[in-house]
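Next come the chains, spelled out residue by residue.
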Amino acid sequence: MSSTDSRYTIVGARPEQQAAIDVLASQFLLTDERLGAIIKEFRRRMEEGLAADGKVLKMIPSYVTRRPLGSEVGSYFAIDLGGTNLRVLKVTLDGRGGVTSEHQKFALTEEAKNRTLFDFVAQCVDTFLDERNLRPSGQQPPIPMGLTFSYPVQQTSINSGTLVQWTKGLNVPGCVGRDVVRLLQDALLRLGLRVKIVALVNDTVGTLLSAAYNDPAAQMGIIFGTGTNAAYYENVANLAKWKGPNPSSGEMVLNMEWGAFDSDDFAFLPFTPHDIKLDRKSINPRKQAYEKMISGMYLGEIARNIALWLADQRLLLDGRSSEILNAMWSVDTAYLSSGAVDTSPDLSEIQQVIEKTLNISNSTFVDRQIFKVIAILVGERAARLSAVGVVATLTKRADLLNKPVTVGIDGSMYEHYPYFHDILVETALHFIPQEQFKNIKFTLAKDGSGVGAAITAMLAATYDS
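Residues numbered from 1 in each chain as written. Predicted model: local features only at pLDDT ≥ 70, side-chain atom pairs only at ≥ 80, totals over all residues. Heavy atoms only, no water.

A. The UniProt feature "domain: Hexokinase C-terminal" (unreviewed entry) in the protein chain, seen in detail. Those residues carrying the UniProt feature "domain: Hexokinase C-terminal" (unreviewed entry) are residues 219-458 in this numbering. Taken as a whole, residues 219-458 contains 48% helix and 12% strand, while its terminal C-alpha atoms sit 19 Å from one another. (UniProt positions renumbered as here; feature names shortened; annotations may be inferred. Helix = DSSP H or I, 4+ residues; strand = E, 2+ residues; numbered from the N terminus.)

Shown next as structure tokens:
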């Protein structure tokens, strides 16, 4: 793609405005050659992470060594702790690859995010069980639960793992380096709750297992949402750093922690001054570089940085801003979603965002066109870069691509961001031969992380590697 694309031509723009847009287009539009180089480096980093601990792509063993059959039945419980919400679920497996789930959602409070997280989670479990009269009495066995934990953890068994670092805006002190299951189990005990955490699952591992219960061909689970990560089945023979027993299945699900790609040297991803500014002011500078370019938590902030850069040169909104636009994280990625597909003659959706939400009056049609271009550029780059990890991971197990392979994907970016799926698939097709690509099915594994934790709890109940 090039900046001559008519979508990036601003009708009525001054020459210096169009010149600035052309600069942005040259920074954000990625050629296949550039993407190919990033894919090659991604694969190299995968191999590095398979060989040893402490690498940029952590390639963490999940201790999940089996695939669900789709014929299992029964009800299982799970806690799904994500970036902005917590859910407690009761999941019923029907034995035919189908599930029904009953869940309750709780928004993470600021206090939970910064201080009392595990006590908050325990309180939510208490509420869920109490309201449904499911709380076990002293005579009954504890309820086994799976825990989906969407943060980097060095897993040490199927139900234990130490926190590597906080991401996605959480920063609870005293937790890094400690076993998150023990921290939660202690909080549950403080409430007198007879609940035992039997499985610790990363959200992408959960998404993969949820897809696998429905479709045995599932090979990869991905989250494209507030943050991003992926998990896939790898041959244990390729996992040189694995020191445990070889599972009878010969394979294990790996939690890639791919959001950290290129965080050590910033050498391969297409960093712009707007990305660098976001990273510098984030709570985790020089970490999660890939995640910051493709995830819902960050795209609005990249767009805000671009808007201010243009406004500072009097190329947007006649140099005006507002208290809201000046505040970090004030531009929600949802504004970009609606702006990128605003086809009204006067771009009235975008006008609403600028004048009502951001509180900047009297926007011109040129201003609104510029906002739309920003939304398109930031979103398309995210979708094309998302294909990098997908291609690198699927071609790592190229032997599997000669038969049907399913990729389960969850998350708001994949589900709701305009054309995200289409751009992702179209980009991946450039790097995987058509003969193999026709075997790949991308499917929405909606709410897969929570259902997957319940499925892992089911597997853990009968575990023997």
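B. View of the pattern of salt bridges. Applying the stated criterion across every chain, the model contains 30 salt bridges. Residue D32 is joined to R384 by a salt bridge in which the shortest nitrogen-to-oxygen separation is 3.2 Å. Highlighted residues: D32 in helix α2 (residues 32-51) and R384 in helix α12 (residues 365-396), separated in sequence by 352 residues. Close ionic contact of R182 with D186 constitutes a salt bridge, the shortest N to O distance being 2.9 Å. Separated by four residues within a single helix, R182 and D186 lie in helix α4 (residues 180-190), roughly one turn from each other. By relative accessible area, which is 26% here, D186 ends up partly exposed. (Salt bridge = Lys/Arg side-chain N within 4 Å of Asp/Glu carboxyl O. Buried < 20%, exposed > 50% of the residue type's maximum accessible area, 1.4 Å probe, protein only.)

C. The arrangement of the environment of R320 in detail. Mapped onto the elements of the fold, R320 is located in the loop between α8 (296-312) and α9 (323-326). Beyond its immediate stretch of four places on either side in the chain, R320 contacts A311, I360, S361 and N362. (Contact = heavy atoms within 4.5 Å.)

D. Here's a closer look at the side chain of E251. Note that E251 resides in strand β11 (residues 251-255). E251 sits in the buried class, given a relative accessible area of 12%. A polar contact of 2.6 Å, which involves the side chain of E251, links it to the side chain of R67. Contact partners of E251, with chain neighbours within four places excluded, come to T65, R67, Y233, E234, N235, V236 and R397. (Polar contact = N/O pair within 3.5 Å; in protein donor to acceptor, adjacent residues only side chain to side chain.)

E. Main features of the packing of helix α6 (residues 273-281) against α8. At a minimum axis distance of 9 Å, the contact between α6 and α8 shows a crossing angle of 120°. Looking at the two axes, α6 sits oblique to α8. Remark: the crossing between α6 and α8 carries right-handed chirality. Counted together, H274, D275, K277 and L278 of α6 and Y298, E301, I302, N305, I306, L308 and W309 of α8 form the full contact between these two elements. Along the lines of polarity and charge, the residues of the contact of α6 with α8 split into six nonpolar, two polar and three charged. (Axes fitted to C-alpha atoms, helices over the stretch in contact; angles between N-to-C directions. Parallel < 35°, antiparallel > 145°, perpendicular 65-115°, else oblique. Left-handed = near helix turned anticlockwise from the far one by under 90°. Nonpolar A, V, L, I, M, F, W, Y, C, P; charged D, E, K, R; others polar.)

F. Inspection of the packing of aromatic side chains at higher detail. Using the criterion set out here, one finds 15 aromatic pairs in the structure. Ring centres 4.7 Å apart and planes at 45° place the aromatic pair F42 and F261 in the tilted group. Within this pair, whereas F42 is found in helix α2, its partner F261 is found in the loop between β11 and α6, the two being separated by 219 residues in sequence. In terms of burial, F42 and F261 fall into one category: buried. When the centroid spacing of 6.0 Å and the interplanar angle of 90° are considered together, the rings of F261 and Y290 count as edge-to-face. In this pair, F261 sits in the loop between β11 and α6 while Y290 sits in helix α7 (residues 289-294), placing the two residues 29 residues apart along the sequence. Each of the two residues, F261 as well as Y290, counts as buried. (Phe/Tyr/Trp six-rings, centres within 6.5 Å; stacked < 30°, edge-to-face > 60°.)

G. Broad picture of the nonpolar core. Formed by 93 residues in total, the largest nonpolar core has its most connected members in F42, F224, W258 and L385. When residues no more than four places from it in sequence are discounted, the contact partners of W258 are F42, L57, M220, I222, F224, T228, N229, A230, Y290, G389, V390 and T393. Core analysis: the second largest hydrophobic core is formed by 38 residues, L108, L117, V121 and F149 among them. (Core = buried A, V, L, I, M, F, W, Y, C linked by side-chain atoms within 4.5 Å.)

H. Representation of the layout of surface pockets. The calculated volume of the largest pocket comes to roughly 1200 Å³. G83, T84, G225, T226 and S412 are the residues nearest the centre of the largest pocket, which is lined by 43 residues in total. For the lining of the largest pocket, the secondary-structure elements that each account for two or more residues are β3 (85-94), β4 (99-107), α8, α10 (333-340) and α13 (412-416). Per element, the largest residue contribution to the lining of the largest pocket is five residues, and it comes from α8. In terms of residue class, the lining of the largest pocket is made up of 10 nonpolar, 20 polar and 13 charged. Of the voids in this model, the second largest pocket is the one considered here, and its volume is about 360 Å³. Every residue lining the second largest pocket is counted, 23 residues in all, and those nearest its centre are R7, A340, V341, K372 and I376. At eight residues, α12 tops the list of elements feeding residues into the lining of the second largest pocket. Within the lining of the second largest pocket, the residues separate by chemical class into 14 nonpolar, six polar and three charged. (1 Å grid on protein atoms, 1.4 Å probe; cavity = no way out; pocket = protein on both sides within 12 Å on 5 of 7 lines; lining within 4 Å. Points joined across faces, edges and corners; volume = space filled by probe spheres on them.)

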